[in-house]
Structure formats: structure tokens, C-alpha cells
Amino acid sequence: MKANGGFVSSLPPKRRWKWFITAVLSLVCFSMFVPLFFLLGLHNGFQNAHISGLAAERLNPVSNHLNLPVQHKIAGTENQPKVHDSELEDGVPGKISQNSARHFGNDAEKEILNNTAGFPRPTSFHKQNNRHDAQGIGSKKMVVVNESEGMCEIKFGTYCLWRREQREEMDDYLVKKMKDLLFVARAYYPSIAKLPKFDKLSQEMKQNIQEFERILSEASTDKDLPSNNEPKVSMMEATILKAKSCPVDCNNVDKKFRQLVDLIEDEANFHMKQSAFLYKLAVQTMPKSLHCLSMRLTVEYFRSSSNIDEHDEKFVNPNVHHYVIFSRNILASSVVVNSTVLHARESGKLVFHILTDKENYFSMKFWFFKNRYGEAAVQVLNIDESTLSGHNDEEQSRLSLPEEFHISFYGIDKLSTLQLRSYYLSIFSQSHYLLPMVFPSFEKVVVLDDDIVVQRDLSDLWRIEMGGKVISAVQSCSIRLSHLQDHLPSSSFDGNSCAWTSGINVIDLSRWRAHNVSKTYQRLTNEMKNKDSGALSETSMLSASLLTFHGLVYPLDSKWMLSGLGHNYGVDSKALQTAVVLHFDGSMKPWLELGITKYKNFWRKFLNPESQFLNDCNVNQ
């Protein structure tokens, strides 16, 4: 159509209506998809925000609770300090959770990108990822995992220290890798087996699982694996890769993984508890060689026709130096006596009184009768005899050795961070409070534990002016009475008073009798006894001993004794050479196979390598 010398174009009616309908449909679709995209983006945003918040919470733990649990020997968990929930993750301190939070956040973001987010992640996976990150995929050496040694030490005591030091190079890397592949294959197999079109893959996976189970049942290290093992590992990896590409129900795989994770965690916890129990059993059980020695000596005592029950005037002479040792261990008491005599300027002025029980009395008496220690005199006494102890209560008169406690509490360091602190403390037992009755004519004695080694002359101890105090002891000011206030029966004490430790103690028995120390201890223990069972708890025993001597302790210079050789692997080598007395306090005693190897020579050099009894019982090996 022409108008004014030009063309005028117009759309046909049908095409105009078609354009209008298309525009309306586009607006409808746009209005439907925009809210959908918005909701999906908001959902992912919320999930990312949750993960970031979780990481921030773990990286910034709130720690304002300072409950102070007291643990005895291998500590339990009933008195663990209350800590903010964000500080603990699966029973480990917040400082370890920093790594856990970082790995968890990265893994969760990867899951979101892979459209697999939405399923709650098991807590145990945090530990698993940390282990793999620390170890490395291609590494074949054992790497120490960044675990909470403090929390482990609270639960299992010195076992955790021993386990950490005994770790060796990993010799089962390939075995562990095969177990991991078997773990994944078992998780996918039930879902693959339900899909009919994947029968071939299901059969292949079943054969690989059976083959791996057969190999792993016969191999515990990489050396036990067959020479043609690598193709089988590659085949299993390829099969698992095929299974992951199949359209399986993720919920079923997730449930199977959770079941397997629970089983593995239960098995790991079982082995941990079993190992800790066996460690404790090894610590508290007499070694076979020592049992043999005790039996041999007892038999020889009754076979001997010599007059063993000799009486020396030195035993009651107040002008000589009297040392008292409570012990059931022949070798331990022998080392204490031998090391003291060898370093003494005048061995003729030394008298040792060894208090033991009726089971070890005859063997110990025969040992010290057959072995001479310079000019020193050794008297062996049976404390179980009521005439000796002067105590009618059979329980009280029974021999008990110094009690060793493992004390753990949370403290704030110079950087204002909360740290778990653990200390070991050795104190008097009930038998020590019988000293005034066992030695009624003595004015002063020196009490030596049977787990010490003397490296210098001890005669200077007898010249110490104690200023009217009852006991002289090395103090441990890392532990104060204020740390134990929740376990003390009254508040009438100085909270800044330091705890003291046994090992080497000078005791003024005349002042002991004047202050009636034994009756004070008896009164405190009666107050702290359990009203239901009538028994004295281990914590109460510690508290009663510290309160009994409150204000009556003269502090010895720390140079007199170096402690920690029964639990601390990091004792300074220079301090070992210069200390007057080495104290093997802790569970790892030097006469045990579990003893710390680098300290054993300080103890073993005082044994007699030519002793026929020691050689017959394999003690010197």
C-alpha cells in the first residue's frame, strides 16, 4: 500500500495475536522461575552461613569454666571439668577443633557444589578427614595425629604418654588402604545389588569384596600381602568408580556408611580401652623375674641353717642416721640402699629400716643377709605384725606404699588461653602415720621411697634446721590447696599453700608427737569417709594428707630431688646428672618392661651383675 509517496506496512491480525501470546507466556514462566531460583539461592546461602558460623564457633571457644578435677593414677572421667559446648568436639579441646572446623567447612562446600548437601554429616567424619589430611595420600610413614593428649591423659593416665612415645614407622600402609577400599565397596554394594540392570557390576563388586576379605584375613602388614596384589587394588578402585557413577539411592548409601562408621568407631574405642587396661595390668603386676626372685629367696631362707635373725646395736642407736623405706620390692629397696651407701662419706653411720609385709618379709630378710652394703646396717621389719605397728585395726596396720596421684585441671596461661594442665604427686600412705609407734625412741628419721636413686651424699639432710616444722619435703607449687578446695572438708587453710611430695623426706618425730599428727590424719580421714560405704576415696586420701601437714612443712630446695622419671620423657639430661636424688614417680617404673628406656641405666647400674639369684631369674637380662 502506497501513501504520500511511500509504503505503509502493518502486521496481519493473526501474527499480532501470536506475538502477544508469546510475550504473556514468557512473563508467566519468568514469574515462576524467578522465585524458584531465589529460593534455591537462599537455601544455599543459609547452608553456607551455617557452616561459617560453625567454624567461627569452634575457632573461638568460650572458656570460662575452671572446675578442677582430681585424678588418681589412671584417671576416670566422672570429674571432668565443665567446659563450654563450643570448646569440646567429640571430647577434644577447642584448640584441636580449629583444624576440624577448617576441614569440615571445606568438605561441606564441596558437597554443596556437587549437589550432595542436605544430609547431616556424621561427627566421626571430622576425625577421619583430619587423619587423612595429616597423613597424606602418598605417605607411608606414621605421622602423629593432632589429638588431645590432655583429654586422653585424663581418661587413661600415663598410657597416653607411653603410646605416643612408642609409635613406630607404619608398616601396614597398603593394608590400611585396602581396608578403606573394602569399607567403601561394602557401603555401595547393597544399593548396586538392588538394580537389575547392573547385575554384572554387582557380581564384580561381590567378587572383589570376597577377595579383599580373604587377603586381609591373612595379612596384618604390607609384607604379608601377595606379590600380585597391585592389580587387585586397581580393579577394586575401578569397580568403586563405576559404582559411584550408578544412579543409586544416596540415602541407602548414607545409611550404610553410617552403620560402618559406627562399627569402626566402636571397634577403635574397644581397642583403646583394651590397650589401656593391658597397660595398667602390666604396670600393676609384678614382673615374672621379680616373682621368681622372691620365691627363690624365700625357699633359701627356710633352707639356710645360719642365724639370720641378727641384732645390731646400731638399730636402736640414736647417734646414727636412720633411713626408713616402705617396700615390697626387693630390687627397688636394694637399689635405694646401694646407691645411698656408695655415695655416703661415712657408710658406717647409716642404718636402713625396711618395712615390708609378711609375704615379702623372709625373702627380703635373706637378701639383705646375703648382701652387704659397705659398713651400713640393714634391718628388715614386718609391719603386718600387730606388736610392731602397735595398732589393733588390721586394715590400718597393713602395709601400704606411697600413693601416687595424677592431678589435672584447667588453667589460664600468660596468653589468656585455657590449657589443660597435668601433674603427678606422690604422698604418704596410711602406713607412714605409724612411724612414731614403730620407732618410739627415735627423734628424727629420713623416709626414702623405694623408686628413687641417690646420686650424692645425704648427710647434709641431718644438719637442716627445720624451724619447728614436722616434715621437710620438696614442694610442688604448680599444685596449691586452692586447686583442691572443692575436695577439702573445710575452708580453714591457706589456698596459696603449695603441695608437697614424697620421695625424700626428713621427719622430726618429736615434733610429730607434739602436734599429734597421726591422730589429726585419722580424724580427717574419718570425716571424709563415704557415709554409705564407710570407705575413704582416693581424692579424700590426698586431701587428708595435705591438710594434716598444713603449716608443718619445711620446704627442701628443689635441687635435692628431680621427679618425673616414671612418666616424663622430656627430663633435661643436665638435670639428670646434677640432681641429688632421682625420683621415678609415675607408672613407668625402671624395673618394668614399660619403663622409660633412657632413664633405666641410672637405676640398673646399682644392681649386682654377678648375683647368682639375679642371673637365675633373668633379672640382669
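Residues numbered from 1 in each chain as written. Predicted model: local features only at pLDDT ≥ 70, side-chain atom pairs only at ≥ 80, totals over all residues. Heavy atoms only, no water.

(A) Region of interest: the pairing of strand E5 (residues 350-356). Where burial is concerned, most of E5 is hidden: 7 out of the 7 residues are buried. Across the two faces of E5 the burial is the same, with Leu350, Phe352, Ile354 and Thr356 and Val351, His353 and Leu355 all buried. In terms of strand pairing, strand E4 (residues 321-326) meets E5 through 6 bridges, oriented parallel. Within E5, the position partnered with phenylalanine 326 by the bridge is leucine 355. Following the chain from E4 across helix H11 (residues 330-342) to the adjacent parallel E5, one finds a crossover that is right-handed. Strand direction decides the pairing type here: E5 and strand E6 (residues 377-382), joined by 6 bridges, are parallel. (Buried < 20%, exposed > 50% of the residue type's maximum accessible area, 1.4 Å probe, protein only. Helix = DSSP H or I, 4+ residues; strand = E, 2+ residues; numbered from the N terminus. Pairing = 2+ DSSP bridges. Right-handed = clockwise from strand over helix to strand, strands pointing away.)

(B) Highlighting unusual backbone geometry. Of note, asparagine 516 is a non-glycine position whose phi angle comes to about 55 degrees, a positive value. Within the secondary structure, asparagine 516 sits in the loop between helix H16 (509-515) and helix H17 (517-528).

(C) Representation of the pattern of salt bridges within the structure. Applying the stated criterion across every chain yields a total of 15 salt bridges. Its salt-bridge partner being arginine 296, residue aspartate 616 comes within 3.5 Å of it at the nearest N-O pair. Pair noted here: aspartate 616 is in helix H21 (residues 612-616) and arginine 296 is in helix H10 (residues 288-303), with a separation of 320 residues, a long-range link. By relative accessible area, which is 36% here, aspartate 616 ends up partly exposed. Aspartate 357 serves as the salt-bridge partner of arginine 328, at 3.0 Å between the closest nitrogen and oxygen. Placement of the pair is arginine 328 in the loop between E4 and H11 and aspartate 357 in the loop between E5 and helix H12 (361-370), with a sequence separation of 29 residues. (Salt bridge = Lys/Arg side-chain N within 4 Å of Asp/Glu carboxyl O.)

(D) Quick peek at a nonpolar patch on the surface. A surface patch of nonpolar side chains, amounting to about 750 Å² of accessible area, comprises Trp19, Phe20, Ile21, Val24, Leu25, Val28 and Met32. Tracing the backbone shows tryptophan 19 in helix H1 (residues 13-59). For tryptophan 19, a relative accessible area of 62% translates into the label exposed. (Patch = residues over 30% accessible without salt bridge, like charges linked within 9 Å, V, L, I, M, F, W, Y side chains within 5 Å. Areas by Shrake-Rupley, 256 points an atom, 1.4 Å probe, with all protein chains shown as cover.)

(E) Broad picture of the packing of aromatic side chains. Taken as a whole and assessed by the stated rule, the structure comprises 17 aromatic pairs. Between the aromatic rings of tyrosine 301 and phenylalanine 362, the centroid separation amounts to 5.0 Å while the plane-to-plane angle is 45 degrees, which identifies the pairing as tilted. Note that tyrosine 301 is positioned in helix H10 and phenylalanine 362 in helix H12, a separation of 61 residues in sequence. By relative accessible area, which is 13% here, tyrosine 301 ends up buried. Among the residues examined, phenylalanine 362 registers a relative accessible area of 28% and is labelled partly exposed. Members of the aromatic cluster, connected to one another through ring pairs, are Phe428, Tyr433, Trp500, Trp512, Tyr521 and Phe549. (Phe/Tyr/Trp six-rings, centres within 6.5 Å; stacked < 30°, edge-to-face > 60°.)

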